[in-house]
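Listed below are the residues making up each chain.
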Amino acid sequence: MTFIDQWLRSDIRNINAYHVPSAKNMLKMDAMESPFGVPEELKDEFLEYISRSEVNRYPDASAEELQATLRSLMGIPKDFGVLLGNGSDELIQLLSLACSSGDSIMSFEPSFVMYELVSKFAQLNYHGIPLDENFDIDLNATLLAIKTKKPKLIFIAYPNNPTGNAFDYDVIREIIQSTDALVVLDEAYYAYSERSFLTEIDNFSNLVVLRTISKIGFAGLRLGLLVGSEETIEQLNKLRLPYNINILTQVSANFLLKDSQRIVSNAKIIMNERGRLYDELSLIPELTVYSSQANFLLVKSDNAKSLLESLKESGILIKGFAIGTQLENFIRISVAEAKENNVLLECIKDYYG
Ligand code: PMP
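The rules we used
Counting of residues starts from 1 at the beginning of each chain's written sequence and follows it residue by residue. In keeping with the predicted nature of the model, local features appear solely for residues at pLDDT of at least 70, side-chain atom pairs appear and are counted solely at 80 or more, and the whole-chain, interface and lining totals rest on all residues. Excluding hydrogens and water, the side-chain figures rest on all heavy atoms present in the structure. Only centres within 6.5 Å qualify two rings of Phe, Tyr or Trp (six-membered ring in Trp) as a pair; their planes then separate them into stacked at under 30 degrees, edge-to-face at over 60, and tilted for everything else. Helix and strand assignments follow DSSP, with helices taken as H or I runs no shorter than four residues and strands as E runs no shorter than two, numbered in order from the N terminus. Only protein chains enter the area calculation, which uses a 1.4 Å probe; residues under 20% of their type maximum are buried, those over 50% are exposed, and those in between are partly exposed. To form a nonpolar core, buried Ala, Val, Leu, Ile, Met, Phe, Trp, Tyr and Cys residues must be joined to one another through side-chain atoms within 4.5 Å. An automatic or database domain assignment supplies the residue ranges for each domain. Contacts: residue pairs with any heavy atoms within 4.5 Å of one another. Note on definitions. A residue lies near a molecule or strand when any single heavy atom of the residue is within 4 Å of it. By the criterion applied in these results, polar contacts are pairs of N or O atoms within 3.5 Å in which, for protein atoms, one can donate a hydrogen and the other can accept it, and in which residues neighboring in sequence qualify only through two side-chain atoms. The protein chains shown are the only cover counted for residues, whose accessible areas, like all others here, come from Shrake-Rupley with a 1.4 Å probe. Here the nonpolar group is Ala, Val, Leu, Ile, Met, Phe, Trp, Tyr, Cys and Pro; Asp, Glu, Lys and Arg are the charged ones; every other residue, Gly included, is treated as polar. Two strands form a pair only when DSSP identifies at least two bridges running between them. Comment: axis = line fitted to C-alpha atoms, over the contacting stretch for helices; angle = value between 0 and 180 degrees taken between N-to-C directions. Here the word oblique covers every angle except those under 35 degrees (roughly parallel), over 145 (roughly antiparallel) and from 65 to 115 (roughly perpendicular).

Engineer: Outline the packing of aromatic side chains, supporting the account with residue identities and numerical values.
Structural biologist: For any pair of aromatic rings, the description rests on two quantities: the centre-to-centre distance and the angle between the ring planes. Under the defined criterion, the tally for this structure stands at 15 aromatic pairs. Aromatic side chains Y158 and F197 sit 5.1 Å apart centroid to centroid with 85° between the ring planes, which places their arrangement in the edge-to-face category. Of this pair, Y158 sits in the loop between strand 5 (153–157) and helix 8 (169–177) while F197 sits in the loop between strand 6 (182–186) and strand 7 (207–212), and the two are 39 residues apart along the sequence. You can call Y158 buried: its relative accessible area is 3%.

Engineer: So what's going on with the nonpolar core? Which residues, and what values?
Structural biologist: The tendency in soluble globular proteins is for nonpolar side chains to be buried side by side. In terms of nonpolar packing, the biggest core is built from 89 residues, with L185, L281, I333 and I348 touching the most fellow members. Structurally, this core is a two-domain feature, drawing no fewer than three residues from each of domain 1 (3–30 + 261–352) and domain 2 (58–258). Filtering out sequence-adjacent residues up to four positions away, L185 remains in contact with I156, Y158, I172, I176, F197, L207, V208, V209 and L210. In terms of nonpolar packing, the next biggest core, distinct from the first, is built from 25 residues, L94, C99, V118 and L226 among them.

Engineer: Hey, could you go over the site of the ligand for me, with residue numbers and the actual values?
Structural biologist: Of all residues adjacent to the ligand, which total 13 residues, the nearest are D186, Y189, T212, S214 and R222. In the environment of the ligand, an oxygen atom lies 2.7 Å from a nitrogen or oxygen atom belonging to the backbone of S88. A distance of 3.0 Å separates an oxygen atom of the ligand from a polar backbone atom of D89. Protein chains bury 94% of the 400 Å² of accessible surface belonging to the ligand in isolation. For the shell around the ligand, the class distribution of residues is 4 nonpolar, 5 polar and 4 charged.

Engineer: Give me the sheet that holds strand 3 (residues 104–109): which residues, what numbers.
Structural biologist: Reading across the sheet, the 7 strands line up as 2-8-7-6-5-3-4 and stay open at both edges, with mixed pairing between neighbours. The outermost strands of the open sheet, each flanked by one partner alone, are strand 2 (80–85) and strand 4 (125–130). Across this sheet, the average inter-strand angle for adjacent strands is 25°, counted without regard to direction. Here strand 3 runs beside strand 5; their pairing, made up of 2 bridges, is parallel. When the sheet's bridge partners are listed, M106 is paired in strand 5 with I154. Seen against the sheet, helix 7 (residues 139–149) touches strand 3, strand 4 and strand 5 and runs at an angle of roughly 165° to strand 3.

Engineer: Explain the packing of helix 11 (residues 260–282) against helix 13 (residues 338–352) residue by residue, including any values.
Structural biologist: At their nearest, the axes of helix 11 and helix 13 sit 11 Å apart, and the two run at 10° to each other. Taken as axis vectors, helix 11 and helix 13 run roughly parallel relative to one another. Mapping the contact onto sequence places E273, R276, L277, E280 and L281 in helix 11 and A338, N341, N342, L344, L345, I348 and K349 in helix 13. For the contact of helix 11 with helix 13, the class distribution of residues is 6 nonpolar, 2 polar and 4 charged.

Following this line, the structure appears as structure tokens:
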């Protein structure tokens, strides 16, 4: 027996690590990143701006300027609290730290894997309520599960990853009303979606909204935010590690997020491309394409595994799902720029001959 074998909590040994495939020299269409980097004409000014950061000092612990920038970009009312995380992943983990041992976390299946993973890290029970055949919420099953499992936390990805749909708004309201759990509306894809629960924070004391800047062009900065009532955020803030948002992230985000018009117009480009990809892929009889309110498309194909391999050989990375799981015959494609989407379309059309 090795040292780590006898030292480690045995349940950690059984956790499958979050897998990130190598993307060297590949066209990345697997992780819902934005294809748009720092605009060429802003690069010099951006470098000048970040070079003024005092990296010998700790960053602003409450990241006040950044909070103001985010509030203005996302229209977050003054009387809501905002908690910043090193990516929204960190905030998902922080929420699990607020639970007591024996508590349950609830979400839906399939949904974002991190909800279950953090439950395991924190030794909490996880209940994934199956979505129906259209990947919508089964309200009766959910209300029953809330009654019997009494979850402490409910994560609802809105729109959902990996399915791309936004669940019924009123169904979600009913869920929030029916529970004492803290309900986390994870709006990672808010920029590509029709509706948001942000303003509902006023109506429900057990609602918080989670967002990230990863999907609107800044995944490399690792910055997420949790929005809730001032009181809720003040208490949760105690679990945040000091200085969790590093100085380069703070200054970069302050500079880049002020250009809100560009962010909105980039999102529009992606939504147009999403529509075009949807239409083109739907013409291929072997594929079933699901409509999406996010910057990716879920596609069903009986040849999912071989299609994925063929795209990989052509230098395109898309997301597949493990054999034996509900989504084994599906792929998830992140929408990119027209040029990149055309390369993908060509390869898929070639594959189906
Ligand atoms: N929530 C959802 C629904 C996601 O799909 C993702 C990333 N794939 C995240 C949260 C995490 O985003 P980040 O940690 O980059 O902010």
